[in-house]
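# Observations on the model geometry
Spelled out from the first residue to the last, the chains are:
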Amino acid sequence: KTLGDSLVNTAFNTGRLIKPVYRSLITKDPDKINLVKGQTALLYTRNLSNYYQLIRIRKEAYNIIGLIKKEYHLSDELRTPLEE
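Quick look at the structure, then. All values reported here derive from a predicted model rather than from experimental measurement.

A few words now on the overall build of the chain. Secondary structure assignment for the chain yields 2 helices and 0 strands. Across the 84 residues that make up the chain, the buried fraction comes to 5%. With an accessible surface of roughly 8300 Å², the chain has 60% of that area assigned to carbon and sulfur atoms.

Unusually for a residue other than glycine, His73 sits at a positive phi of about 55 degrees. Along the polypeptide, His73 turns up in the segment after helix H2 (30-71). On the basis of relative accessibility, which here comes to 72%, the residue His73 falls in the exposed class.

The subject of this paragraph is H2. Over its 42 residues, H2 extends 61 Å from the first C-alpha to the last, a length consistent with the 62 Å expected when each residue adds 1.5 Å. Remark: His73 follows H2 within two positions and exhibits a positive phi of approximately 55 degrees.

Let us now look at a nonpolar patch on the surface. A cluster of nonpolar side chains, namely Tyr44, Leu48, Tyr51, Tyr52 and Ile55, defines an oily patch on the protein surface of about 540 Å² accessible area. Assignment of secondary structure puts Tyr52 in helix H2.

Applying the stated criterion to the full structure yields 1 salt bridge. The salt bridge involving Arg56 is made with Glu60; its shortest N-O contact spans 3.0 Å. Note that Arg56 and Glu60 are positioned in helix H2 at a spacing of 4 residues, about one turn of the helix. Take Arg56: its relative accessible area is 43%, and that puts it in the partly exposed class.

Conventions and cut-offs
- Residues numbered from 1 in each chain as written.
- Predicted model: local features only at pLDDT ≥ 70, side-chain atom pairs only at ≥ 80, totals over all residues.
- Heavy atoms only, no water.
- Helix = DSSP H or I, 4+ residues; strand = E, 2+ residues; numbered from the N terminus.
- Buried < 20%, exposed > 50% of the residue type's maximum accessible area, 1.4 Å probe, protein only.
- Areas by Shrake-Rupley, 256 points an atom, 1.4 Å probe, with all protein chains shown as cover.
- Expected span 1.5 Å × (residues − 1).
- Patch = residues over 30% accessible without salt bridge, like charges linked within 9 Å, V, L, I, M, F, W, Y side chains within 5 Å.
- Salt bridge = Lys/Arg side-chain N within 4 Å of Asp/Glu carboxyl O.

Function-wise, these values are silent; they only describe arrangement.
Structure, rendered in structure tokens:
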């Protein structure tokens, strides 16, 4: 049972809400802080790398589409977003 489920069930079944209990997520342990910082940096780098790779692949795909159009004398009615 999640916090959201318990809040919804309580609100609809009893007509009143129970205040949720939150545990503190803040720590002063430098090892834990450095671990989270490292994992965040790793995820950021991976996402940035994937983003640039997807841009490169998309451009290559549009180039291939253009070559196919030219080879088979297809009309320009089917335009790619880079051509607009």
